[in-house]
Amino acid sequence: MPAPAKSWRWGRLLLAIAVAAGIPTAAAAPVRAATEDGTGSIPGDLTQYVNPFVGTKKTGTTGYDGGNTFPGADAPFGMVQWSPDTHSPQPGGYAYTDHEIRGFSLTHLSGAGCTAAQDLPFMPHAGSVTKTPAAEPGTYLDGFSHDAESTRPGYYGVTLASGTKVELTATQRSGAGRFTYPAGSRASLLIDVSGSVHGASDGRATVDRARRTITGYVTSGGFCGSGNRYRVYFSATFDQPFAAVGTWHDAVVSPGDERVDTARAGSGAYVTFDTTRSRTVGVKVGLSYVSIAGAAENAAQEQGSASFDTIAEKTRKQWNARLHQIEVAGGTDAQRTTFYTALYHSLLQPNVFDDVNGRYIGFDGRIHEVRDGHHQYANFSGWDIYRCEVQLLALLAPDVASDIAQSMYNQAHQARDVWDRWSVDNDFTGVMNGDPYHSILAGMYAFGATDFDARAALASMVKGATTIQQTGARYVERPGLADYLSLGYVPDDVSTTLEYTTADFGIAALAGRLGDTGTQATFMKRAQHWRNLFHPAGSWIQPRGRDGSFGSHFDPAGEKGYVEGNAAQYHWMVPYDLAGLFTAMGGDDKVVRRLDEYFRKLNAGPHEPHAFLGNEPSLNSPWTYVYAGAPHRTQDVVRRAVNTLWGPGPDGEVGNDDLGTLSSWYVWAALGMYPQVPGRAELVLASPLFPAVTVHRDGGRSIRIDAPGADADTPYVHALKVNGVASSRAWLPESFVRDGGTLDYTLGDTPDTAWGAARSDAPPSFGGAQPPSLTSAHPGRAALRSATRRSCAPQGCHAGRRHHHPGRGRHHHHGRRHAVGHRPVDG
């Protein structure tokens, strides 16, 4: 539920869609095209086209397969994700192929590659509590069938094998549950305080018969093997009195006890109900990372006396308002479901972290308070989301994106200007590599999310990116920084070097927009360090030793020195200076030939020298053809990926969604555009999947796309008009994102190799010895050099064109995430 201070924008949109249809029984079976009006648009309920089961089933294609999403109830950017956890531990809590549920926990990460959260599972039990989940967990497993499940945005329901029906919904900081027990059974409900997926180091549950409440907290952490810690509080109020109460600790059940504390052992509380009058028991539960009182207030303020159905409907309308920001016309049911589910997954996280009173726990362990009308956010999958997810958030929800940027700065400021890579709640994890938050802030600012303290954030970013931390520091922002500054690269580590150069470009980009030309020049120079790893002998970016040597046995499929990928996949990860890279490689013809070989497979995994579009380092590569004068090949690759790597069913994601990253890539790809350069707002073009699209933005601005005849088999652009004027450029300037506009396509099923192929039509690159003008690059000022693309300099554009971490990282079981650096700060 949006906070009152934020709700006015959505109120107008909600009013416009007040005629929305009722809640369907299951998003897995969307309503057919009868809901369309005469133009093919969908005027009412877009939640019918969301299937939260997408991504919950492994695909078996690579070691990184499956979205690792969850199907449960959530509000946009909600603190609470009330969702089932199946028997086999999963990063998202739920495996579609499992047939038993162990609990319904209140917190989840959508699409992470490591298990996390899954705190405070509630489990109804049609029987007496005589054994403990800690000693005999199988006692409380309950079977289920997908035929007895239904899910949609803001709602999850299942009838368990025991006959107990579970229904869940959520507001931003609270959840509502409805449990209907089978006739004649004993109706019990367990709250496993120590049931977080990584256990608990501390916790408590207290039962209050008079108030019909169970309250408490749990301290957990351990994301991806890191040392992060957080404490989350809960307050659950039931609508029926307790017939009996009790607790358990380890193997001992204590009937009648009303309080239990846990310290690594399994502990929790249970209650039973007299269901002779009503077999249905309702509960309203609030969460808070500040206090039990905060949790209770969150539930009271966001739910009040509203019924379960009223809460679920209100959350559905919130989702409908969000989804209506991008309205598509045409397409098949499968395409719409894939698209709107991807948009839904893109808007689940980061999560609101402050209570309704604005208080939150910072990275310094202290209570802070946000400005009126703003929120603190948490859970930043930085290494993933900087590539395209945060740009989508800034495009659609600049107020949210601005608060996310401010939240990232708040974290760093509270930690004495040290920036994390992948933070969970209010603590460092140090997972993955690079320094991605700098790219995130720069990218969101470029897309119009400017309502944060950008100047203070820039100063903090510079400090974080230039401070060589002492050996033994509890968290190191940039491992290898001393080598990076002195040698111009991190020895034997391509991935980290390229991540640092991209982060440095982000700092330069933000500095340029703020008029800090000195910082801009310094970090643009550092952004050129990618060149120090380019080996002319083979025209590859490859590992380089401390002595300056490249070694004699380079393998494009080699994974040493690369994070969740290999040399072929990382070679293209210089998104801001592709002109410089292509010049170094010998020109466009050689580039296109190598790209053609690279895209012989679209999702080869990390062990082959081909594309791996199920993981982040490859996400920018399909769009690079445009810089080499071959946009028709980008159109082909992007459409093949859209058609084959995503889908509307549980196996509809081939890679971990990583808090919306792969989903946002699909959204951009279906729109036919992509934010190729982190820190910039130009959009590189492919072709739209739908014949008509309208993107609604703040202030009445919109982006309208018309592409008559667009479908899965017409990916090729034959002509384009931008704001009514014919254009041969397969990219859009920043002003288009800023002001909005119209795109009118003529598409076909055969390639037009001439359209967009001229060197003067290439998108801008930002390289060279001098810093670019990051605020006023103008494509018409290009002066061209042989075999190069465009590169922007101070007065305009000129010619020119994840993870094994050797010696520092730690490989985890799931093969997805690695903690880099020293032990994180304890929360």
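Calculation rules
- Residues numbered from 1 in each chain as written.
- Predicted model: local features only at pLDDT ≥ 70, side-chain atom pairs only at ≥ 80, totals over all residues.
- Heavy atoms only, no water.
- Helix = DSSP H or I, 4+ residues; strand = E, 2+ residues; numbered from the N terminus.
- Buried < 20%, exposed > 50% of the residue type's maximum accessible area, 1.4 Å probe, protein only.
- Areas by Shrake-Rupley, 256 points an atom, 1.4 Å probe, with all protein chains shown as cover.
- Pairing = 2+ DSSP bridges.
- Axes fitted to C-alpha atoms, helices over the stretch in contact; angles between N-to-C directions.
- Polar contact = N/O pair within 3.5 Å; in protein donor to acceptor, adjacent residues only side chain to side chain.
- Arc of directions from axis to C-beta.
- Salt bridge = Lys/Arg side-chain N within 4 Å of Asp/Glu carboxyl O.
- Parallel < 35°, antiparallel > 145°, perpendicular 65-115°, else oblique.
- Left-handed = near helix turned anticlockwise from the far one by under 90°.
- Contact = heavy atoms within 4.5 Å.
- Nonpolar A, V, L, I, M, F, W, Y, C, P; charged D, E, K, R; others polar.
- Phe/Tyr/Trp six-rings, centres within 6.5 Å; stacked < 30°, edge-to-face > 60°.
- Lys NZ or Arg CZ within 6 Å of the ring centre and 35° of its normal.
- Disulfide = S-S within 2.5 Å.
- Core = buried A, V, L, I, M, F, W, Y, C linked by side-chain atoms within 4.5 Å.

Enquirer: Outline the overall build of the protein, supporting the account with residue identities and numerical values.
Expert: Each helix and strand counted, the protein has 18 helices and 36 strands in total. Taken over 827 residues, the protein has a buried fraction of 66%. For the protein, the accessible surface area stands at approximately 26,000 Å², while carbon and sulfur atoms represent 50% of it.

Enquirer: Outline the sheet that holds strand β19 (residues 326–329), listing residues and values.
Expert: If you trace the 6 strands from one edge of the open sheet to the other, you get β19-β28-β29-β33-β30-β31, paired in mixed fashion. Since the sheet does not close on itself, it has two edges, and those belong to β19 and β31 (725–727), each with one partner. Shown here is a sheet whose adjacent strand axes are inclined to one another by a mean of 20°, direction ignored. Examined bridge by bridge, strand β28 (residues 692–696) and strand β29 (residues 702–706) share 5 bridges and lie antiparallel to one another. Bridge pairing links histidine 696 to serine 702 in β29.

Enquirer: Please set out the side chain of asparagine 228 residue by residue, giving values where relevant.
Expert: Its place among the elements puts asparagine 228 in the loop between β12 (213–221) and β13 (229–238). Classification of asparagine 228 by relative accessible area gives buried; the value is 0%. Within the structure, the side chain of asparagine 228 is placed 2.9 Å from the backbone nitrogen of glycine 222, a separation counted as a polar contact.

Enquirer: A description of helix α12 (residues 517–527) should follow, citing residues and the corresponding values.
Expert: Residues of α12 that are buried: Thr519, Gln520, Phe523, Met524, Arg526 and Ala527. Down the axis of α12, the sector holding all buried residues measures 155°, keeping them to one side. α12 presents Thr517 and Lys525 as exposed residues on the side facing more than 90 degrees away from its buried surface.

Enquirer: Would you mind going over the side chain of glutamine 569 in detail, with residue names and values included?
Expert: Following the sequence through the fold, glutamine 569 ends up in helix α13 (residues 567–570). Residue glutamine 569 is classed as buried on the basis of its relative accessible area of 1%. At a separation of 3.3 Å, a polar atom in the side chain of glutamine 569 contacts the main-chain carbonyl oxygen of glutamate 608. In this structure the side chain of glutamine 569 is engaged in a polar contact, spanning 2.8 Å, whose partner is the backbone oxygen of histidine 610.

Enquirer: How would you sum up the pairing of strand β30 (residues 716–722)? Please name residues and give values.
Expert: The pairing of β30 with strand β33 (residues 741–748) spans 6 bridges and is antiparallel. Each residue of the ladder has a partner; that of valine 717, found in β33, is leucine 747. By the bridge criterion, 3 bridges tie β30 to β31 in an arrangement that is antiparallel. Within the sheet, the bridge partner assigned to leucine 720 lies in β31 and is serine 727.

Enquirer: Explain the sheet that holds strand β26 (residues 673–674) residue by residue, including any values.
Expert: Within a sheet, adjacent strands bond to each other through the backbone by hydrogen bonds, running parallel or antiparallel. Ordered in space as β26-β27-β32, the 3 strands form an open sheet in which the pairing is antiparallel. If you trace the sheet from one side to the other, it starts and ends with β26 and β32 (731–732), each paired once. Direction of pairing for strand β27 (residues 683–685) relative to β32: antiparallel, over a ladder of 2 bridges. Looking at the pairing, valine 684 lines up with tryptophan 731 of β32.

Enquirer: Any chance you could break down the pattern of salt bridges for me, citing the residues and the numbers?
Expert: On inspection of all chains with the given rule, the structure shows 29 salt bridges. The salt bridge partner of arginine 526 is aspartate 504, with a shortest N-O separation of 3.1 Å. Of this pair, arginine 526 sits in helix α12 while aspartate 504 sits in helix α11 (residues 494–513); the two residues are 22 residues apart in sequence, bridging distant segments of the chain. Through salt bridges with shared partners, one network takes in Asp435, Arg478, Asp504 and Arg526.

Enquirer: Please provide a residue-by-residue account of the packing of helix α16 (residues 631–644) against helix α17 (residues 661–671), values included.
Expert: Relative to each other, α16 and α17 sit at 125°, their axes nearing to 10 Å. Taken together, the axes of α16 and α17 lie oblique to each other. Taken as a pair, α16 and α17 cross one another with a handedness that is left-handed. Facing α16, whose interface residues are Val638, Ala641 and Val642, α17 presents Trp665, Tyr666 and Ala669. Residue composition of the contact of α16 with α17, by class: 6 nonpolar, no polar and no charged.

Enquirer: Tell me what's going on with the packing of aromatic side chains, and back it up with residues and numbers.
Expert: Counted under the stated rule, the structure contains 35 aromatic pairs. Ring centres 6.5 Å apart and planes at 45° place the aromatic pair phenylalanine 104 and tyrosine 156 in the tilted group. Residue phenylalanine 104 is located in strand β3 (residues 100–105), and its partner tyrosine 156 is located in strand β7 (residues 155–159); the two are separated by 52 residues in the primary sequence. Aromatic side chains phenylalanine 238 and phenylalanine 242 sit 5.5 Å apart centroid to centroid with 75° between the ring planes, which places their arrangement in the edge-to-face category. Three or more aromatic residues joined by ring pairs form one cluster here, namely Trp572, Phe582, Tyr598, Phe599 and Tyr625. Sitting above the plane of the tyrosine 155 ring, arginine 152 keeps its charged end 3.9 Å from the centroid. Note that arginine 387 overlies the ring of tryptophan 383, its terminal NZ or CZ placed 4.7 Å from the centroid.

Enquirer: So what's going on with the state of the cysteines? Which residues, and what values?
Expert: All chains considered together, the criterion is met by 1 disulfide. Bridging cysteine 114 to cysteine 224, the disulfide has an S-S length of 1.9 Å. Torsion about the S-S bond of the cysteine 114 and cysteine 224 cystine: about 60°, corresponding to right-handed handedness. Of the two residues, cysteine 114 is situated in the loop between β3 and β4 (122–126) and cysteine 224 in the loop between β12 and β13; the sequence distance between them amounts to 110 residues. Per residue, the accessibility class of cysteine 114 equals that of cysteine 224, and both read buried.

Enquirer: Quick one: what's the story with the nonpolar core, residue by residue and with numbers?
Expert: One recurring pattern in soluble globular proteins is that nonpolar side chains are buried together. Counting residues in hydrophobic clusters, the biggest one holds 205 residues, and the most contacted among them are Trp82, Phe104, Phe223, Ile326, Phe339 and Trp665. Counting residues in hydrophobic clusters, the runner-up holds 6 residues, among them Val129, Leu190, Trp248 and Tyr270.

Enquirer: Residues and numbers for α17, please.
Expert: Burial runs high along α17: 11 of the 11 residues are buried. Within α17, the full set of buried residues consists of Thr661, Leu662, Ser663, Ser664, Trp665, Tyr666, Val667, Trp668, Ala669, Ala670 and Leu671. Count one or two residues on from α17 and you reach glycine 672, which has phi positive near 85°.

Enquirer: A description of the packing of helix α9 (residues 454–466) against α12 should follow, citing residues and the corresponding values.
Expert: The interhelical angle for the contact between α9 and α12, taken along N-to-C directions, is 40°, at an axis separation of 12 Å. Taken together, the axes of α9 and α12 lie oblique to each other. Where α9 crosses over α12, the handedness of that crossing is left-handed. The residues of α12 that touch α9, namely those facing Leu458, Val462, Ala465 and Thr466, are Thr519, Phe523 and Arg526. Classifying every residue of the contact of α9 with α12 by side-chain character gives 4 nonpolar, 2 polar and 1 charged.

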